[in-house]
Structure formats: structure tokens, C-alpha cells
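The residues making up each chain are set out below.
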Amino acid sequence: MKFLADLHLHSRYSRATSGEACLQGFHAWAQIKGVTLLGTGDFTHPAWFAEIRDSLEPAEEGLFRLRAPCAGQADSQVPPSLRAGVRFMLSAEISSIYRKGGRTRKVHNLVFAPGLAAADRIRTALGRIGNIESDGRPILGLDSRDLLEIVLEAPGGAFLVPAHIWTPGFSVLGSKSGFDSVDECFGDLSGHVFAVETGLSSDPPMNWMLSSLDRFALVSNSDAHSCGKIGREATVFDCGLSFGDVRRALETREGLVGTAEFFPEEGKYHLDGHRKCGVRMAPEETKRSGGACTECGKPVTVGVLSRVHELADRKAGSPPPAGAGEFASLVPLAEIVAECMGRGPGTLGVLGTVRSILEALGPELAVLMDVPPDRIAELGSPVLAEAVRRMRARDVRKEAGFDGEYGTIGLFREGEVEAMGGQAALFPAAARDGPHG
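What counts and how
- Residues numbered from 1 in each chain as written.
- Predicted model: local features only at pLDDT ≥ 70, side-chain atom pairs only at ≥ 80, totals over all residues.
- Heavy atoms only, no water.
- Salt bridge = Lys/Arg side-chain N within 4 Å of Asp/Glu carboxyl O.
- Helix = DSSP H or I, 4+ residues; strand = E, 2+ residues; numbered from the N terminus.
- Buried < 20%, exposed > 50% of the residue type's maximum accessible area, 1.4 Å probe, protein only.
- Pairing = 2+ DSSP bridges.
- Core = buried A, V, L, I, M, F, W, Y, C linked by side-chain atoms within 4.5 Å.
- Contact = heavy atoms within 4.5 Å.
- Disulfide = S-S within 2.5 Å.

## Overview of the pattern of salt bridges
Summed over all chains, the structure comprises 26 salt bridges. A salt bridge links Arg15 to Asp135, with the nearest nitrogen and oxygen atoms 3.5 Å apart. Of this pair, Arg15 sits in the loop between strand 1 (2–6) and helix 1 (23–33) while Asp135 sits in the loop between helix 4 (116–127) and strand 7 (139–140), and the two are 120 residues apart along the sequence. According to the relative accessible area criterion, Arg15 is exposed, its value standing at 52%. Measuring nitrogen to oxygen at the nearest pair gives 3.8 Å for the salt bridge that ties Glu57 to Arg67. On the criterion of sequence distance, the pair formed by Glu57 in strand 3 (residues 56–58) and Arg67 in the loop between strand 4 (64–66) and helix 3 (68–75) is long-range, its members being 10 residues apart. Linked through salt bridges whose partners overlap, the residues forming this network are Glu386, Arg389, Arg390, Arg413 and Glu416.

Take a look at the structure:
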């Protein structure tokens, strides 16, 4: 079966997360977004692990579903036309900070477990090393290679995926504290790593510039810290719905269709720069300045694009390697609607319009990836139809993110929306009479 998976997200027990990031919220928002398989996130945290154990029940091999009373409460928040089954895979992110090769390394890794016993064994081992109670994403003085060894010793095929591999400060290939290759990070156990997460600031073509990454499946996930961010990136599978089937698809790439991605320019570490000075720099500008901010002279944060070019052995635009999956570049629906309506993406009018669109056309990722633009236009939404067509064709305006500042993706030039009839032509009934404004 074909389905979307988002396997990297965080509970309310992680720092800088929403207090509403709970299993019921995840279950409801997965349906709104069109995601079938979610990571639980944070299974290392004792309180969250207790909630997982109490609120989830076994479903297909190695997967879980929300128990009936909780699922019913969550479903009541979802329009009936969007309701669908949701499954969970036990997942956690570990932040490792340690010395290796004469440098301090800071690497985030995702860990996936096939059941509660395997997850508990990993939790127990990590609890002997450091504090797993203060943060859902624990910070441990543990070499990534040794973390992988702990994961491999768990029963049932637990596995590890390096997280957002290009993020400057906390990733396997990051410019500030990473390595120059996955092999350098994981040493003699690197052969047990078969997938890597691209992160919001890179996309598959950027990763295809490194032949050393050809052997890895590329996956994308939201790294959501709130329910509404679920599915902003996702991985597309066409395989059986079980832990073993998903692992096999990642290991062999049979049944791994591809990814749904941010435009990498929207990620907050795409270009180099210094946010305090408002200075955004392309790789060649950073080279000319010697890595210094052109305003204050302090070092800039070297972003993902520069780091990719530093390690690449292929030119940008090179053909994809053998076995590479498909990918779609997406803009969140609320951002598209906001641009069409000339309002902020979090305003009541935009959120009400989004809800009406979803009730008419299906979950968000289906609207963005699959619903024909003609179908959108037939429902009275020619502006939205044109926006979706342009997004799918990657015909967009980009203002890239840098040094922790998200970028923006635009679909229309100034005056175009008004020339097409303005917000009244977006989704007439919703724009005027939507349930939230």
C-alpha cells in the first residue's frame, strides 16, 4: 500500500515544544495532513514512555494505534471526510555531544524500536550514561558510534538514522561540529546505517552532489515541535504497513517511493549569514569575505548550501544516482492561502479557508501533491489552482533562510492575485462565510 510517513517529531516533554503535543493531537493532525504513519518521538523520556505504554495498543507488526477511547476523542476534532487510520512507530532523537578527532562533535540521531521491550532496553542503557528525564531529546556525552551499538543490541531490528544531516550546529555533516562523512562518524559500524534524513534546508538534488551518500536512502520528516507542523516534510512508501516492511524499504529502497520536501530555501539554515546584522550570504560571498559578516566582521553561520558545496564531488544539477527516489517540493497550504488572501498564515480567515478546502478536497498533502488543479478550479478556486500548479512546477520566488531565520517562498508577483480576482476568487464560500472567519 502507498502511504506517507512522518517519523521525526517531538512531544511536549521536549524543549521548545507546544504543550498540546500529545498522542491524541498527533493522531488528529496526522489525519488532517494525510499522514498514515507517525513516529511517537521521545520514547526515552520516562513520562512520555508511560503515556505511550498506556495510550497505544499493538497494531500491525512493530506498530501501534491509539486506544479506542482516546482515538474517539481525537477523531471528534477531525472533519468526517478526513478521518483515516493512523499508526505509530516508536521513535526518539538523541543529541550526542562528545570529543572525537580532537574536536567537539554535536550530532543528532533518530532511533527506531520495533516494540516496547526494545525501546525500554535502549532507554535503560542510555539512562546509565546520562540524564534522560530532563528533556524528551536527551543530551548525552555519547559517541554516535556507541549509540548505534546500543541500538543494534536491542532485539527485533531497531535501527538508527542520522537526523537533519546538514544542520550547522547539530548533525553528522554540519559545518560547526560535524564530520566530513558518515563513515568518519560511525566508524566500524557505519555499514549498519542505511538511511539519512535530509532536513528542511536541503533536498535530494543537493544530497546527490555527494557520491558518498549514494548508498543511503534519503528520508524527510517534519521534526515537528507542534501538531500543526506534522507532515511539513514526509517520506512516501509503497510497501506493507509494518515495522519490518518500513525498515526493509529503507534498507533495500524497494517500496521507498521518495519524499515530500520543503523548498530548501525555506529552511532556516540554507544560506550563510549573521541574523543579528540581517546579513544573508551565498557561498561565493562567504568565500570572498573569508567567512566574516560584512557588517560586523564576526564569523557568519555557514549554512547547508555552502557545506554541501564544500564536500561535494559532483556539480549541482548532476543526474540523480541509480536508485534515487522521487521528490516533491511543497509549500504549506496555510502559507499558500495566506499569500492568495493577503493575510497572515495564522489568521482566523486563512485557517477557516484552509479547513473548508480540506473538507472539500481531502487532506493537506493530497491537495498539495495529488488533486488536479482543474478540480481545484472547478470548486471555485482558480487562484489556489494556479498557486498549486506553480508550486508543483517549482515556478516560485525564493528568499532563502539563514542563521536560524526561515526563508519565504512566493508564488505570485505583486499585483497578480488582484488581477485574477483577488481573495474572493480563492474559495468564495470559505472566504466569505468560513467557520473561522
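## A look at the pairing of strand 5 (residues 87–100)
The buried fraction of strand 5 is high, at 11 of 14 residues. Bridge analysis of strand 2 (residues 37–39) against strand 5 gives three bridges, and the strand direction is parallel. Residue pairing for strand 5: Gly39 is matched across the bridge by Met89. Of the strand pairs in this sheet, strand 5 and strand 6 (residues 103–113) are connected by 11 bridges, and their pairing is antiparallel. Counterpart to Lys100 in the pairing with strand 6 is Arg103.

## Considering unusual backbone geometry
Phi is positive for Ala16, which is not a glycine, with a value near 60 degrees. Inspection of the secondary structure assignment puts Ala16 in the loop between strand 1 and helix 1. Judged by relative accessible area, Ala16 falls into the exposed class, the value being 71%.

## Structural notes on the nonpolar core
Ranked by size, the top nonpolar core spans 109 residues in total, and within it Phe26, Phe43, Leu126, Trp166, Leu333 and Ile336 carry the most contacts. With sequence-adjacent residues up to four places away left out, Leu333 is seen in contact with Val354, Ile357, Leu358, Glu364, Val367, Leu368 and Leu384. By size, the runner-up hydrophobic cluster in this structure holds 23 residues, among which are Leu7, Phe112, Ala163 and Val246.

## Comments concerning the state of the cysteines
Tallied over the full model, the rule gives zero disulfides. Note on Cys70: no disulfide assigned, nearest cysteine sulfur contributed by Cys22 at a separation of 9.2 Å. When its relative accessible area of 17% is taken as the criterion, Cys70 is described as buried.

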